[in-house]
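# Inside the fold
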Amino acid sequence: MGWEMIETVFVSGKDALAYFYEDEKWYSLSAEETIPVSASEVRRLVNGGGEYYLLRGLSKREISDALVKEKRRADALFLTLAVLDEQASISTRVLLAQQADDLLLESSNRDFVLKRILSWPLPTNVTAARHSLMQIANTFNHVAMVLKEVFNFQPDLHEVIARWRESAEEVGISQAGLSSLRSELVDAGFFRAVLMATVERNLHDLNSIIVTNLLGGNWSPQERALLLDFQRRIQSSMKRTREYEKPKPGRLFKRSPGADQNKPSEDPFRPDLPSNECASPQEARLNAFEAKQRVDKQINCIKEMLFRDRLPLAEKYVTDLMRFQLGRDDQEYAVMSLCNLTASALDANRLGFADELIKYAMELGPNDIVAFTARAEVLRRRGKFAAALAAFEEVISRFPARTYPLNGKANVLKEIGHFEQAAQLLRRVQSDFPEDSVAFNEEVGVLRSQGRHKAALQLAVANARRFPLDPVTRSVLAGSLSRVGRYAEASRHYQQALALDRTEVRFIVGAALNTHSAGASERALRYLEEFLKTSPTEVPLLQAKAQILRSIGQFSAAKGIYESILRGFPRFIPAVLGLRAVAVLEDPIVAAENKVTHDQLESELDWTGFRTYAVALVAADRPREAIQAIEAALPQCPWLGQRDRLKTTLGIAQMKNNEPTCIQTLQTNLESLEDRQRQARLLFLSHAQIEQNRQSIARVLLSRMVTTSDRGIQSIKEHLLRASAGKNTGIGKVDLSSGELELALAA
Amino acid sequence: MKDALDRRYREATERAAAKGAGAQAAELDSAGSSTSAVVCMSLSRAKEFIGNETTLYSTYQLQVRSSVRQASEPADDRMRLSVDSTVHGTYGEMIRYAALSIDGLGPASYGEVSLKLRDIAVASRATVLEQNSWSFVQSRDLFGKELPPGYLATWGERNKLVCAKLADLLTPKTSSSEFATLILTQATSRSEEEFLEVHVYGAFNMDSVESVSGPSNPTKQLDIALVAWLKDKLDALGKTWVGK
């Protein structure tokens, strides 16, 4: 009696079987037959990983239909995954893709497949093979559509799952509980929905997904806590990411004659030209040298526009450049141009724009290691460490004999505090590429990040012996010496680095700042002046000069330099931040009005800007607001170094707000800070002790631990020593001297 | 138990010899020693099991109950549990069921793909029952009772059980090519299939598999793709695919 409703039905597309209970007996239904089965067999199979769904109240016809539907979905999933299987031969993959394509024609099947595949990141070996896979898939429209989405969203998926793991760790849910919860959420398409909301930066959708799932499931309190924590983490990472707003079609595109004017391009930079079409016959006739000159000019122009904050023009010029290079079939050079521009966009802190540029470069150069490494670097600079790690691993898997991605991966591991792993990886690179100094110098950086400055110095010395003619290694040694206060020796090594490479402006800046730290600010300024005579517009030199001037209280002179830089490059963020710092020192009340919220911070520079704002609040006598802002921001800050700096600022704000907890805050992680930061912290800690009437402790700290010869710090130290001796210095009202404020901005 | 099996074995081979089939009984004895444990599954299941090297062939009770949270506990489930406990006592849930086979093919009603297990993977943890345990217990009404002695053999003595069960069917004309069918009789329905059941204690994965048999010329397009993929996977795993 086909119309009778059957109350309990288990259906599995994976097993291509349904079990139903009728007249106190169990039956198994397959495409071929219906046979009675024992209840234990049902239980075995239903609990056996076949992914059975419990359905209720179906007629036999409906069970049959449900089985067919489930089987098609499961087959579509399996076939799509099998296409990705590197162990399958090309001919097998073609067979699989052909079958998958038929099934993926149905949008519900596509949806099911995407729900599943976009619930966990693909293994690196699969993403690394994406281009050869897509070559197969491109013959089959629906497979190509699904795989393109899967591959494109991998970096975001890595981030979503990284947040999920953090939440699971935070809540402390058991492995079995987590597995069960995940399984249910995958079935519900939860992760894909969260991923989509994240990609689209749609907070409303995200919240509604979480609420729907919270209401829809019978969750334990721990599971609910996990979901809510996950929501919070995704929310904050969404707010942090500033996507590049793609231009509206027609606004920036110069379309070629004959191009479909109504068809919006998917890519803002891609000219709608056939690949071998030149923009004009004249362009086609340019010889290689002329073409290079033109490209160089265009690139410089785009860079200028990026730094002048004229993004629409930069976009237009990129489009023109691509039209020119692709029109000449210079695809390889087009990739190089895009990589070059990506670096500039990063320098201009245009992270979303950089991301778009490099994604396009990857598309044009699917086998270009520089493009893929640069993409990973863009992700790192955006603080998307899980995605960056996966991207570096992908490059390593594709280009195992190259050092850049290995060093890049170590850098990300360092950023997320996995110091041992980073060091191990670098040692592996050192062993495989003993002639390449980069990994050796990077390991010094890892030790510094751990606060192991003496060990870092020892290694830097060993490296300098190993690579005696490498100027970068020499400058790393100089930096290590400077960090432990051995300024005279550092100075000698900076000079040796400069003797090895007179063009490297970083060495000049390093030498000048080292001299300044040694207490010889005037000499440092004179030193910079010497170089500025021949290179008056060299921005890093101007920046360094302004920084020194700022720290010795010559705010107007510093301001003048920052303004002159910004006149040429309004988007040069270090100068923007420098100017803000001067504003904090000169007029904190006004500076504190330029509110910076932690929601939209990605790069390290962004976080420096936020910290400057927090110091402005303290200086403007609004410490409570500073505390609130920092406390809300700290958990969201992915940069470990910036977190330490924020803690220093938090301690200062708490001190200003007369909170005894400031002492605890300022002591946090003190030993692992680099020398200048530690010295600054010790000063603030001493000041806090004085405010708590612990003068003797403050004196011990100041006299025994604040040992640097940095003139700015020495001046503050003397001021605080007088205060600890009871002399009238204004201390007690928690006034911060301008020297202290400058130190708070810099440290 | 061992004495009883020895007695059944001896008596069966003597009866075979008495009717002139002694040589056949000796051949069957030898063939019984070279039998393998075979598990069968559908093509769908096989792709899951073979495709994922970490998948364990486990008793379903023990696998993570992740798919259905509201799995019911039907009343007549007690029957099967009784069979398990009659044969295996408290460790019934640890047992994986397989069939004894000479040619690597298992009972087709359980699925068109047969996985032949490596001898070394089962030798120290398998016993063999004369018949499918469900039929064995039910036909003899053994619920809650002890198993009759002589019907269960260790893996090393499975040849004796094979002879004890099948020697009476031998005639002087029986050829060794018929042994495969005698040991495992295929049928269109599960109830008519006849085989010796292997009970393997504990889980196993693809590492325990020696070879896989499956359809050599599937007709459906989807199955053609699946079989091609299975062959590639097995090749990558260093296992043999045997088309049937």
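Residues numbered from 1 in each chain as written. Chains lettered and ligands numbered in written order. Predicted model: local features only at pLDDT ≥ 70, side-chain atom pairs only at ≥ 80, totals over all residues.

### Remarks on the overall build of chain B
What counts, and what does not: Numbering of helices and strands runs from the N terminus; a helix is a DSSP stretch of H or I covering at least four residues, while a strand is a stretch of E covering at least two. Each residue is classed by its C-beta neighbour count within 10 Å, where at least 20 other C-beta atoms makes it buried, 12 or fewer makes it exposed, and intermediate counts make it partly exposed; the C-beta atoms are placed from backbone geometry. We call two residues in contact when the distance between their C-beta atoms, placed using the backbone, is within 7 Å.
A count of helical and extended segments in chain B gives nine helices and ten strands. Burial statistics for chain B: of 244 residues in total, 40% are counted as buried. For chain B, the proportion of contacts with a sequence separation of at least 24, taken over those separated by at least 6, is 83%.

### Focus on the overall build of chain A
Along the backbone of chain A there are 39 helices and five strands. When its C-alpha atoms are laid out on the principal axes, chain A stretches across 100 × 75 × 50 Å. Per-residue burial over chain A gives 50% buried out of 747 residues. Here the contacts in chain A between residues at least 6 apart in sequence split such that 62% fall between residues at least 24 apart.

### Describing the sheet that holds strand β3 (residues 25-29) of chain A
Residues and elements named next belong to chain A. Inclusion rule: Following DSSP output, two strands are said to pair if at least two bridges run between them. Axes here mean lines fitted to C-alpha atoms, for a helix over just the part in contact, with angles spanning 0 to 180 degrees between N-to-C directions.
Taken together, the five strands give an open sheet; going across it, the order is β4-β3-β2-β1-β5, and neighbouring strands pair in antiparallel fashion. With partners counted over all chains shown, the strands left at the sheet margins are β4 (34-37) and β5 (53-55), one partner each. Direction aside, neighbouring strands of the sheet carry axes that sit 25° apart on average. Bridge analysis of strand β1 (residues 8-12) against β5 gives three bridges, and the strand direction is antiparallel. When the sheet's bridge partners are listed, valine 9 is paired in β5 with leucine 55. Strands in contact with helix α2 (residues 60-83) are β1, β2 (17-22), β3 and β5; relative to β1, the strand with the most contacts, it is inclined by about 25°.

### Points about the sheet that holds strand β8 (residues 197-201) of chain B
By definition, the strands of a sheet pair up through backbone hydrogen bonds, in either a parallel or an antiparallel sense. All names here are of chain B. Pairing is mixed in the open sheet, where eight strands are placed in the order β5-β4-β8-β2-β1-β3-β9-β10. A strand with exactly one partner marks an edge of an open sheet, and here the two such strands are β5 (152-154) and β10 (240-243). Strand-to-strand, the axes of this sheet are offset by a mean angle of 35°, without reference to chain direction. Inspection of the sheet shows strand β9 (residues 209-214) paired to β10 by four bridges, in the parallel sense. Across the sheet, residue valine 212 finds its bridge partner in β10, namely tryptophan 241. Sheet contacts for helix α7 (residues 158-166): β2 (95-101), β4 (126-129) and β5; angle to β5, the most-contacted strand, approximately 150°. Packing of helix α9 (residues 221-237) onto the sheet brings it into contact with β9 and β10, and relative to β10 it is tilted by some 145°.

### Observations concerning helix α19 (residues 385-398) of chain A
The line we're drawing: In a helix, the anticipated span is given by 1.5 Å times the number of residues less one.
With 14 residues, α19(A) ought to run about 20 Å at 1.5 Å a step, and its terminal C-alpha atoms sit 20 Å apart, in line with that. Extensive coverage of α19(A) is indicated by the burial of 13 of its 14 residues.

### Here we look at the packing of helix α8 (residues 154-171) of chain A against α19(A)
Residues and elements named next belong to chain A. Operational definition: If an angle is under 35 degrees, it is roughly parallel; if it is over 145, roughly antiparallel; if it lies from 65 to 115, roughly perpendicular; otherwise it is oblique. In this scheme the handedness of a crossing depends on how the near helix is turned from the far one: anticlockwise by less than a right angle means left-handed, clockwise means right-handed. Any residue outside Ala, Val, Leu, Ile, Met, Phe, Trp, Tyr, Cys, Pro, Asp, Glu, Lys and Arg is labelled polar, Gly included; the first ten of those are nonpolar and the last four are charged.
Taken N-terminus to C-terminus, the directions of α8 and α19 make an angle of 130°; their axes are 7 Å apart at the nearest point. Taken together, the axis directions place α8 and α19 in an arrangement best described as oblique. α19 is crossed by α8, and the crossing has right-handed handedness. When α8 is examined against α19, the residues Gln154, Pro155, Asp156, His158, Glu159 and Ala162 are found in contact with a partner set consisting of Ala386, Ala387, Ala390 and Ala391. Of the residues in the contact of α8 with α19, the class split is six nonpolar, two polar and two charged.

### Overview of the confidence of the model for chain B
All names here are of chain B. Stated formally: Every residue carries a pLDDT, the predictor's confidence in it, which falls somewhere between 0 and 100.
On average, residues of chain B score 84 in pLDDT, and 84% of them are at 70 or above. For residues 58-77, every residue scores under 50 in pLDDT, and the model assigns this stretch 44 contacts once sequence neighbours within four places are set aside. Scoring the predicted complex yields pTM 0.72 and, for the interface, ipTM 0.79.

### So, the environment of A:Arg310
Residues and elements named next belong to chain A. Within the secondary structure, arginine 310 sits in the loop between α14 (288-307) and α15 (311-327). Taking the C-beta count within 10 Å as the criterion, arginine 310 has 16 such neighbours and is therefore assigned partly exposed. Sequence-wise, arginine 310 and arginine 571 are 261 residues apart; in three dimensions their C-alpha atoms are separated by 8.9 Å.

### What to know about unusual backbone geometry
A negative phi holds for most residues other than glycine; trans holds for most peptide bonds. Residue and element names in this part refer to chain A. Non-glycine residue asparagine 349 carries a positive phi angle of around 60°. Inspection of the secondary structure assignment puts asparagine 349 in the loop between α16 (331-347) and α17 (351-364). Among the residues examined, asparagine 349 registers 24 C-beta atoms within 10 Å and is labelled buried. Even without a glycine there, the phi angle at asparagine 658 is positive, about 55°. For asparagine 658, the location among the structural elements is in the loop between α34 (640-656) and α35 (661-667). A tally of 12 C-beta atoms within 10 Å means that asparagine 658 is categorised as exposed.

### Section: the domain arrangement of chain A
Residues and elements named next belong to chain A. Put simply, the rule is: Domain start and stop positions are those given by an automatic or database domain assignment.
Along its sequence, chain A is organised into domain 1 (8-152), domain 2 (155-240), domain 3 (244-256 + 267-343) and domain 4 (587-746). Inter-centroid distance (C-alpha atoms) of domain 1 to domain 2 is 24 Å. Contact with domain 1, which involves seven residues of that partner, is made by eight residues of domain 2.

### Observations regarding the pairing of strand β1 (residues 36-41) of chain B
Residues and elements named next belong to chain B. With six of six residues buried, β1 is to be regarded as a mostly interior element. A two-sided burial pattern is seen for β1, the buried positions comprising Ser36, Val38 and Cys40 on one face and Ala37, Val39 and Met41 on the other. Where β1 and β2 come together, three bridges link them in antiparallel fashion. Bridge pairing in β2 links valine 38 to alanine 99. Relative to strand β3 (residues 113-117), β1 runs antiparallel, the two being bridged by four bridges. Its bridge partner being in β3, methionine 41 is matched across the sheet by valine 113.

### Regarding α34(A)
Residue and element names in this part refer to chain A. The terminal C-alpha atoms of α34 lie 25 Å apart, and with 17 residues this matches the ideal 24 Å at 1.5 Å per residue to within 8%. In terms of burial, α34 is largely enclosed, as 14 of its 17 residues are buried. One or two positions beyond α34, positive phi appears at asparagine 658, with a value near 55°.

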